Amino acid sequence: MTSQHSAPAKVILLGEHAVVYGLPAIALPLSHVRAYADYQISESPLKVWADTRPDPLVQWTHITSCASNPLAAMIRLTAEHCAVSDLKGDIVIRSDIPVASGLGSGAAVSAALGRAVAAIAGQRISDCDLNALVYEVEKLHHGTPSGIDNTVVVYEKPVYFVKGKPIQSLDVSSPIHLVVADTGVAASTRDAVAHVRAQLEAQPPPTQDLLDGIGALVRQAHPLLKSGPIERIGSLMTRNHELLQTLGVSSRALDDLVAASIAAGAYGAKLSGGGRGGNIIALTNERRRPSVEAELIRAGAKRVLSSTLLPKAIRA
Ligand code: MEV
């Protein structure tokens, strides 16, 4: 019998890059875009497959010889956490989340895989423990991650995140309508984070000012999420995008999609995630959403999806 675990994609509403240096950021799960781990217990040593490939991606029998492979690392860490030295079964990974696109694909695959490995070990892993393991694997993906991606993906809740501080989940006063548009350009978060670090080392005061400016926008947005008006967050997002541009992590394709969404009536827009490619997010409302989506496609977006975050009272 096949069972399944999964984890969602994420977007960063405001605050990426600055969050690596201890400033706050706000991130939201995209619950309808997910990574899945379908699993089955068997009599043979664990093998992990991709639904798109004929050969296994990782085998339990080789787990220690591929230490830098994020999937192998996630399996090994989860097995250690569960205190098992033997795992038998098959896991098939599939994901609707484009890779290297700022939507947390690596964290979501790790989270779904960790839950499936724990289930094969006959255990249920808590979100808190899973979050710590996925964070370890994020270090392989990104070098020096803040921990925001694993947190929002594992807990699947909107978060106001400050590195090293207790997680604050968020509620919103009215629905948040986002359009997420993909440049189709894959980009490495590790490289973008390394670029910002190099810039901070080469030019400390102006770079720190940019990061502090991003943190200030997040602090302004926080009460607006709770009590509105939500539209005012749009201009904070656009300002955040401009600061990310100055930091050197935007691209022509991202800038074009941001401009197109605003021209079509979005309240504001920005790149989301590491940048240099990947996705933008545009804040809109239900009425304007179709024209924002259409304009983004016309401006060259390779994929557009919409997401609405509802207040808890409506979700419940
Ligand atoms: C990546 O989704 C967000 C960054 O801020 C990196 C991180 O926080 O680890 C660019």
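Since we're looking at a predicted model, the values are computed, not measured. (Residues numbered from 1 in each chain as written. Predicted model: local features only at pLDDT ≥ 70, side-chain atom pairs only at ≥ 80, totals over all residues. Heavy atoms only, no water.)

Engineer: Got a sec to walk through the overall build of the chain? Specific residues and values, please.
Structural biologist: Summing up its helical and strand segments, the chain has ten helices and eleven strands in all. Radius of gyration (C-alpha) of the chain: 20 Å, near the 20 Å computed for a compact globule of 316 residues. Its C-alpha atoms give the chain principal-axis dimensions of about 60 × 45 × 35 Å. Across the 316 residues of the chain, 53% fall into the buried class. Summarising the internal contacts of the chain: among those between residues at least 6 apart in sequence, 74% fall at separations of at least 24. Accessible area of the chain: about 13100 Å², with a carbon and sulfur share of 52%. Of the charged side chains in the chain, 30 are positive and 28 negative, and the gap between their average positions amounts to 4 Å. (Helix = DSSP H or I, 4+ residues; strand = E, 2+ residues; numbered from the N terminus. Rg over C-alpha atoms; globule rule 2.2 N^0.38 Å. Buried < 20%, exposed > 50% of the residue type's maximum accessible area, 1.4 Å probe, protein only. Contact = heavy atoms within 4.5 Å. Areas by Shrake-Rupley, 256 points an atom, 1.4 Å probe, with all protein chains shown as cover. Lys, Arg positive; Asp, Glu negative; His and termini not counted. Charge placed at Lys NZ, Arg CZ, Asp CG, Glu CD.)

Engineer: So what's going on with helix H9 (residues 289–298)? Which residues, and what values?
Structural biologist: Of all the positions in H9, only Arg-289, Val-292 and Leu-296 are classed as buried. Down the axis of H9, the smallest arc covering the buried residues is 65°, so these residues share one side. For H9, the elements touching its buried residues are strand S8 (176–182), helix H8 (252–263), strand S10 (279–284) and strand S11 (303–309). Following H9 by one or two positions, Gly-300 adopts a phi angle in the positive range, close to 110°. (Arc of directions from axis to C-beta.)

Engineer: Account for the site of the ligand, naming residues and giving values.
Structural biologist: Near the ligand you find 14 residues, and of these Lys-10, His-17, Pro-145, Ser-146 and Asp-149 are the closest. In this structure, an oxygen atom belonging to the ligand sits 3.0 Å away from a side-chain N or O atom of Lys-10. In the model, an oxygen atom of the ligand is placed 2.8 Å from a nitrogen or oxygen of the His-17 main chain. Burial of the ligand by the protein amounts to 99% of the accessible area it has alone, namely 290 Å². (Near = heavy atom within 4 Å. Polar contact = N/O pair within 3.5 Å; in protein donor to acceptor, adjacent residues only side chain to side chain.)

Engineer: I'd like a rundown of the domain arrangement of the chain, residues and numbers included.
Structural biologist: Per the domain assignment, the segments making up the chain are domain 1 (2–161) and domain 2 (172–315). Averaged C-alpha coordinates put domain 1 and domain 2 at centres separated by 25 Å. Taken together, the contacts link 32 residues of domain 1 with 44 residues of domain 2. For the pair domain 1 and domain 2, the summed buried area comes to about 3100 Å², and 66% of that belongs to carbon and sulfur atoms. When the buried surface of domain 1 facing domain 2 is broken down by residue, Leu-14, His-17 and Tyr-21 rank first, second and third, together holding 23% of it. Counting every contact that joins domain 1 to domain 2 gives one salt bridge. The interface formed by domain 1 and domain 2 holds 14 residue pairs in polar contact (both at pLDDT 80 or more) in total. Contributing elements (two or more residues each) for the side of domain 1 that touches domain 2: strand S1 (3–14), strand S2 (25–45) and helix H3 (127–142). Broken down by element, the side of domain 1 that touches domain 2 gets its largest block of residues, six residues, from S2. Grouping the constituent residues of the side of domain 1 that touches domain 2 by class yields 20 nonpolar, nine polar and three charged. (Domains from an automatic or database assignment. Buried area = accessible area lost by both parts, 1.4 Å probe. Salt bridge = Lys/Arg side-chain N within 4 Å of Asp/Glu carboxyl O. Nonpolar A, V, L, I, M, F, W, Y, C, P; charged D, E, K, R; others polar.)

Engineer: A description of the sheet that holds S10 should follow, citing residues and the corresponding values.
Structural biologist: Here we have four strands laid out as an open sheet, ordered S9-S10-S8-S11, and antiparallel in their pairing. Edge positions in the sheet fall to strand S9 (268–272) and S11, since each has one partner strand and no second. Neighbour to neighbour, the strand axes of the sheet diverge by 25° on average, direction disregarded. One ladder, built from seven bridges, connects S8 with S11; its direction is antiparallel. Pairing of Asp-182 across the sheet is with Arg-303, part of S11. (Pairing = 2+ DSSP bridges. Axes fitted to C-alpha atoms, helices over the stretch in contact; angles between N-to-C directions.)

Engineer: Help me get a handle on the pattern of salt bridges, residues and values and all.
Structural biologist: This model, assessed by the stated rule, comprises eleven salt bridges. Lys-88 is paired through a salt bridge with Asp-86; the nearest N and O atoms lie 3.0 Å apart. Take Lys-88: its relative accessible area is 29%, and that puts it in the partly exposed class. In this structure, Glu-295 and Arg-298 form a salt bridge, with 2.9 Å as the shortest nitrogen-oxygen distance. With Glu-295 and Arg-298 both in helix H9, this residue pair falls three residues apart, about one helical turn. Taking relative accessible area as the criterion, Glu-295 reaches 22% and is therefore assigned partly exposed.

Engineer: Can you explain the pairing of S10? Please cite residues and give values.
Structural biologist: Most of S10 is tucked away, with six of its six residues classed as buried. Sheet analysis places S8 next to S10, joined by six bridges and oriented antiparallel. Opposite Asp-182, over in S10, you have Asn-279 as the bridge partner. Note: S9 against S10, five bridges, orientation antiparallel. From the neighbouring strand, Ser-272 faces S10, where its bridge partner is Asn-279. Taking the residues between adjacent antiparallel strands as the criterion, S9 and S10 are bridged by six residues, where Gly-273 takes a positive phi near 105°.

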